[in-house]
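# A closer look at the structure
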Amino acid sequence: MLINFRMKNVFCFNEETILSLEKTKWNELKSKNITEKFDLLKSIVVFWANASGKSRLFKVINRFSIMICESWNEKLDLNNFFQHFKLEEGKEKKPIELWCEFIIDDIKYSYEYSIYDQKIVYEKLSYYPKWKITKLFIRKENKDVVFNERIFDKQSKLVKDTSWFRENTLFLSAVANA
């Protein structure tokens, strides 16, 4: 279940833009639209002015998930898949940043990645057992991945050798398809 989705410097989203399904403090929301275990909205309505990015919002979310499932595939061209914000000079020199918080089996996760010049320049997966954040892995600027050794076995092939995946591939996608 989606909690939050954040994007920056992608398509028409220059500044950080967040889609949140967290309940606000307003008491006007009917309880039928709130999940029982978490204070999250079951559904949302997105309305902005014409040509303001509503379709692009869902395009980014869709491509975020496709990247996770398909970036291991060599045919995926990152320059055409995501486009930098183009209405401000210099934005093409900054990475596209995407971040998502979600819940699976009553455990909250946070996953984010950044793309620059056809490369994954940052990737991180964390989770919140008992609502305290724990980093599972982090990858910065290159293919080197730092693992949480309490969770991953030190003898694991993933920990020993990460040379088997490409710099334009998400580590999460590579592991899922290894």
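Located above this text is the structure these notes cover.
Summarised in this report is the structure supplied together with it. (Residues numbered from 1 in each chain as written. Predicted model: local features only at pLDDT ≥ 70, side-chain atom pairs only at ≥ 80, totals over all residues. Heavy atoms only, no water.)

## Comments concerning the pattern of salt bridges
This is how it is decided: Salt bridges, as used here, are contacts in which a Lys or Arg side-chain nitrogen is within 4 Å of a carboxyl oxygen on Asp or Glu. Each residue is placed in one exposure class: buried if its accessible area under a 1.4 Å probe, protein chains only, is under 20% of its type's maximum, exposed if it is over 50%, and partly exposed if it falls in between.
Within this structure, the stated rule accounts for 3 salt bridges. Among the salt bridges present, the one from Lys108 reaches Glu101, with a minimum N-O distance of 3.2 Å. Considered together, Lys108 and Glu101 belong to a single accessibility category, that of buried residues.

## Notes on unusual backbone geometry
Basically, it comes down to this: Runs of H or I in DSSP of at least four residues are treated as helices and runs of E of at least two as strands, each being numbered from the N terminus.
Backbone geometry at Asp105 places phi at a positive 50 degrees, although glycine is not the residue there. Classification of Asp105 by relative accessible area gives exposed; the value is 70%. Positive phi, normally seen in glycine, also occurs at Gln118, with a value near 65 degrees. Within the fold, Gln118 resides in the loop between β4 (107-116) and β5 (119-128).

## Examining the packing of aromatic side chains
We count it as follows: For Phe, Tyr and Trp, where Trp contributes only its six-membered ring, two rings pair if their centres lie within 6.5 Å, and the inter-plane angle classes them as stacked under 30 degrees, edge-to-face over 60, or tilted in between. Only when the NZ atom of a Lys or the CZ atom of an Arg is both within 6 Å of the ring centre and within 35 degrees of the ring normal do we say a charge sits over the ring.
For the structure shown, the criterion picks out 8 aromatic pairs. Each ring, one from Phe5 and one from Phe64, has its centre 5.1 Å from the other, and the planes form 85 degrees; the classification is edge-to-face. Highlighted residues: Phe5 in strand β1 (residues 2-8) and Phe64 in helix α1 (residues 54-70), separated in sequence by 59 residues. Classification of Phe5 as buried rests on a relative accessible area of 1%. Judged by centre distance (5.8 Å) and plane angle (55 degrees), the rings of Tyr111 and Tyr113 are tilted. Of the two residues, Tyr111 and Tyr113, neither departs from the other in class, the shared state being buried. Chaining the aromatic ring pairs together yields one cluster made of Phe5, Phe64, Tyr111 and Tyr113. Positioned above the aromatic ring of Trp99 is the side chain of Arg6, whose terminal nitrogen or guanidinium carbon lies 4.2 Å from the ring centre. We note Lys108 situated over the ring of Tyr128; from NZ or CZ to the ring centre the distance is 4.6 Å.

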